[in-house]
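Architecture at a glance
Residue-level listing of the chains:
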Amino acid sequence: MSDSASLIGEEFAHYRVIDKLGEGGMGAVYRAEDTRLGREVALKVLPEDLAREPERLARLRREAQILASLNHTNIASIYGLEELDGRLFLELELVEGEELAERLKRGSLAVDEIVDLATQIASGLEAAHGRGVIHRDLKPANLMVTPEGVVKILDFGLAKPYVDESTSDGISELQTVTGGDITREGVIMGTASYMSPEQARGRKVDRRADIWAYGCVLFEMVTGRRAFGGETMTDVLVSVVTGEPDWSLLPPYTPPGVNRLIRRCLKRDPRNRLRDMGDAVIELDEATGPGSGDGLSMPEPALPSRSLALWAV
């Protein structure tokens, strides 16, 4: 196996590489044909210069084990952990569609679409958390929306098993920056705009870190703007730790239940944050279901009361 774009067109084992889909610190992902089964798959391959590093190999194996433990409609599946010439790679479900990040470049979404996508994302996260797994890098770029409107959560490269410590403050434990070692004190892991304050401070995290990131994604779907931004990564981290989203960006026609859910997810103190992704599914259902009074569209002008109408007459 060679590296980068030169891998395109090569055949190795029973795969034929067709195209490169993306690349990050955790490896490159390629579209490939499984010639044995006659289907297209995604292959995640470590860069050649990192393919022999024990910590990288351990992370890739852990990602494979985590994905194998998850089975949910809204989580992209793993087909296998393969090895060729001593080099490991993952065979993954190829998810066709558009990244939510690309969709959001065209602006905010309609409220009914927001509720549908947000419910699916919450369901996938609930399933992962139920298996004791936190994603730790939830963001629009790791959410694919298929042509049928199904959301798939991608890239569990930074995911890890966790012990629920939602009743404690957590002990300081600085994590790994994207592309770094598995756990090394003194660096931070994740994507700055979507990491929780406790992540940004390097503290131990649990599922509430994913809940914060979910709130950031939901805010962005509603407003078309990131909840936390800045010119540099330092600016972003300061905003996450000390700032507040610009709540005035939330449109006035946002269903109160959706507005309330975003605010509950983005509580700075994790003890006050939404406790469980299953609660998000319930919130969204109640916010937009029959009798909720929230509606899914622009509010209509209120009609005058009967007494006011009689007075006018």
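Here goes a summary of the coordinates provided. Keep in mind the model is a prediction, meaning the values are calculated, not measured.

What follows is about the sheet that holds strand 10 (residues 151-153). Read from one edge to the other, the open sheet built from three strands follows the order 7-9-10, with strand pairing classed as antiparallel. At either margin of the open sheet sits one strand with a lone partner, and together these are strand 7 (98-99) and strand 10. Pairing of strand 9 (residues 143-145) with strand 10 involves three bridges; the strand directions are antiparallel. Paired with Leu 143 across the bridge in strand 10 is Ile 153. Of the strands in this sheet, strand 9 and strand 10 touch helix 3 (residues 111-130), which is tilted by about 35° from strand 10.

Bringing unusual backbone geometry into the picture now. Non-glycine residue Arg 136 carries a positive phi angle of around 70°. Position of Arg 136 relative to the elements: it lies in the loop between strand 8 (133-134) and strand 9. Phi is positive for Asp 155, close to 55°, though the residue is something other than glycine. Along the chain, the position of Asp 155 falls in the loop between strand 10 and strand 11 (160-161). The partly exposed category is assigned to Asp 155, whose relative accessible area is 32%.

Most often, soluble globular proteins keep nonpolar side chains buried together rather than apart. Ile 121, Phe 156, Tyr 214, Met 221 and Ile 262 are the most contacted members of the largest nonpolar core, which has 65 residues in total. Of the residues forming this core, the biggest block, ten residues, is contributed by helix 5 (residues 207-223). With residues near it in sequence (within four places) discarded, Phe 156 still touches Glu 63, Ile 66, Leu 67, Leu 70, Ile 75, Val 133 and His 135. Counting residues in hydrophobic clusters, the runner-up holds twelve residues, among them Tyr 15, Val 17, Val 41 and Leu 43.

As a further point, take a negative patch on the surface. On the surface, a cluster of negative charge is contributed by Glu 48, Asp 49, Glu 53 and Glu 55. Note on placement: Glu 53 falls in the loop between strand 4 (39-45) and helix 1 (54-68). With relative accessibility at 30%, the residue Glu 53 sits in the partly exposed group.

Pairing in this open sheet of six strands is antiparallel, and the strands run 1-2-3-4-6-5 from one edge to the other. Looking at which strands have only one partner, the edges of the open sheet turn out to be strand 1 (11-12) and strand 5 (78-84). Helix-sheet contacts for helix 1 involve strand 4, strand 5 and strand 6 (87-92), and the interaxial angle to strand 6 is about 25°.

Moving on: the packing of helix 5 against helix 7 (residues 256-265). Contact geometry for helix 5 and helix 7: axes closest at 8 Å, N-to-C directions at 140°. Classified by the angle their axes make, helix 5 and helix 7 are oblique. Of the two elements, helix 5 crosses helix 7, and the hand of that crossing is left-handed. Of the residues in helix 7, those in contact with Ile 211, Trp 212, Tyr 214, Gly 215, Leu 218, Phe 219 and Val 222 of helix 5 are Val 258, Leu 261, Ile 262 and Cys 265. Each residue belonging to the contact of helix 5 with helix 7 can be placed in one class, and the counts come to ten nonpolar, one polar and no charged.

Conventions we followed
Residues numbered from 1 in each chain as written. Predicted model: local features only at pLDDT ≥ 70, side-chain atom pairs only at ≥ 80, totals over all residues. Heavy atoms only, no water. Pairing = 2+ DSSP bridges. Helix = DSSP H or I, 4+ residues; strand = E, 2+ residues; numbered from the N terminus. Contact = heavy atoms within 4.5 Å. Axes fitted to C-alpha atoms, helices over the stretch in contact; angles between N-to-C directions. Buried < 20%, exposed > 50% of the residue type's maximum accessible area, 1.4 Å probe, protein only. Core = buried A, V, L, I, M, F, W, Y, C linked by side-chain atoms within 4.5 Å. Patch = residues over 30% accessible without salt bridge, like charges linked within 9 Å, V, L, I, M, F, W, Y side chains within 5 Å. Areas by Shrake-Rupley, 256 points an atom, 1.4 Å probe, with all protein chains shown as cover. Salt bridge = Lys/Arg side-chain N within 4 Å of Asp/Glu carboxyl O. Lys, Arg positive; Asp, Glu negative; His and termini not counted. Charge placed at Lys NZ, Arg CZ, Asp CG, Glu CD. Parallel < 35°, antiparallel > 145°, perpendicular 65-115°, else oblique. Left-handed = near helix turned anticlockwise from the far one by under 90°. Nonpolar A, V, L, I, M, F, W, Y, C, P; charged D, E, K, R; others polar.

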